[in-house]
Amino acid sequence: MNRTLPLGAAALAAAVLGWGCGGGEPPAEEDTPAEPATPEPAPRVEAADIDAALANGAVLLDVRTDEELAEHGTIDGFVHIPIDELEARIGELPAGVPVLTA
């Protein structure tokens, strides 16, 4: 014997059990994940201002490959982290200082 509930009773049961359209109240605003903030682009440093930036504590980061360094050379004082390793090694850069890339 099949028993069916009237439509109103089925809707009430679904509401009580939390079935259907998500059940319950909508999440509070603080429960909703916020959109990640888009970082502002870093200011550009003109070639004429590089010496002043370095004198004020900026770090020179060379992101070229080992092969590119061997072929073209580098400048003393550069921190060398190849671009494909940068995400994993970002902690090697000092925090709170400007980083100039080459």
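Throughout, residues of each chain are indexed from 1 in the direction in which the sequence is written. Restriction of local features to residues with pLDDT of at least 70 applies here, the model being predicted, together with a cutoff of 80 or more for giving and counting side-chain atom pairs; totals for whole chains, interfaces and linings are based on all residues. By convention in this description, side-chain values take in all heavy atoms of the structure and omit both hydrogens and water.

### Overview of the sheet that holds strand β1 (residues 59-62)
Working definition: the strands of a sheet are paired by backbone hydrogen bonds and lie parallel or antiparallel to each other.
So, point 1. Strand order in the open sheet formed by three strands is β2-β1-β3, and the pairing between neighbours is parallel. Strand pairing shows two members of the sheet lacking a second neighbour, β2 (79-80) and β3 (99-101), which therefore form its edges.
So, point 2. Pairing geometry for β1 and β3, over three bridges, is parallel. Each bridged residue has a counterpart across the sheet, and for Leu61 the counterpart in β3 is Thr101. At least two bridges found by DSSP between two strands are what make those strands a pair. Comment: elements are numbered from the N terminus, with helices defined as DSSP H or I runs of at least four residues and strands as E runs of at least two.

### Quick look at the pattern of salt bridges
So, point 1. Salt bridge criterion: a side-chain nitrogen from Lys or Arg within 4 Å of a carboxyl oxygen from Asp or Glu. Counted under the stated rule, the structure contains three salt bridges.
So, point 2. In this structure, the salt-bridge partner of Arg64 is Asp62, at a minimum N-O distance of 2.7 Å.
So, point 3. We note a salt bridge from Arg89 to Glu85, for which the minimum N-O separation is 2.7 Å.
So, point 4. Each residue is assigned to one of three classes by its accessible area relative to the maximum for its type, calculated with a 1.4 Å probe on protein chains only: buried under 20%, partly exposed between the two thresholds, exposed over 50%. On the basis of relative accessible area, Glu85 is assigned to the partly exposed category, the value being 34%.
So, point 5. Here the residues in one salt-bridge network are Glu85, Arg89 and Glu92, joined through shared partners.

### Remarks on the nonpolar core
So, point 1. Here, nonpolar core refers to any group of buried Ala, Val, Leu, Ile, Met, Phe, Trp, Tyr and Cys residues whose side-chain atoms link them within 4.5 Å. Among the nonpolar cores identified, the biggest contains six residues, and these are Val59, Leu61, Val63, Ile81, Leu86 and Leu93.
So, point 2. In terms of nonpolar packing, the next biggest core, distinct from the first, is built from five residues, Ala53, Ala58, Leu60 and Phe78 among them.

### Details of a negative patch on the surface
So, point 1. Candidates for patches are residues over 30% relative accessible area with no salt bridge; among them, like charges are joined within 9 Å and nonpolar side chains (Val, Leu, Ile, Met, Phe, Trp, Tyr) within 5 Å. Only the protein chains shown count as cover for residues, and all accessible areas are computed by the Shrake-Rupley method using a 1.4 Å probe. Asp and Glu count as negative and Lys and Arg as positive, but His and the ends of the chain are not part of the count. Just so you know, the charge point we use is NZ for Lys, CZ for Arg, CG for Asp and CD for Glu. Taken together, Asp66, Glu67, Glu68 and Glu71 make up a surface patch of like negative charges.
So, point 2. The residue Glu71 is located in helix α3 (residues 66-72) in this model.
So, point 3. Residue class for Glu71 comes out exposed when judged on its relative accessible area of 62%.

### Considering the environment of Ile50
So, point 1. Position of Ile50 relative to the elements: it lies in helix α2 (residues 50-55).
So, point 2. Judged by relative accessible area, Ile50 falls into the partly exposed class, the value being 32%.
So, point 3. What makes two residues a contact is simply this: any of their non-hydrogen atoms within 4.5 Å. Once residues lying within four places of it in the same chain are set aside, the contact partners of Ile50 are Val45 and Leu100.

### Overview of the environment of Ile81
So, point 1. Position of Ile81 among the secondary structure elements: in the loop between β2 and α4 (86-89).
So, point 2. The buried category is assigned to Ile81, whose relative accessible area is 0%.
So, point 3. Residues Ile81 and Leu61 lie 20 residues apart in sequence; the distance between their C-alpha atoms is 7.1 Å.
So, point 4. Setting aside residues up to four positions removed in sequence, Ile81 forms contacts with Leu61, Asp62, Val63, Leu86, Arg89, Glu92 and Leu93.

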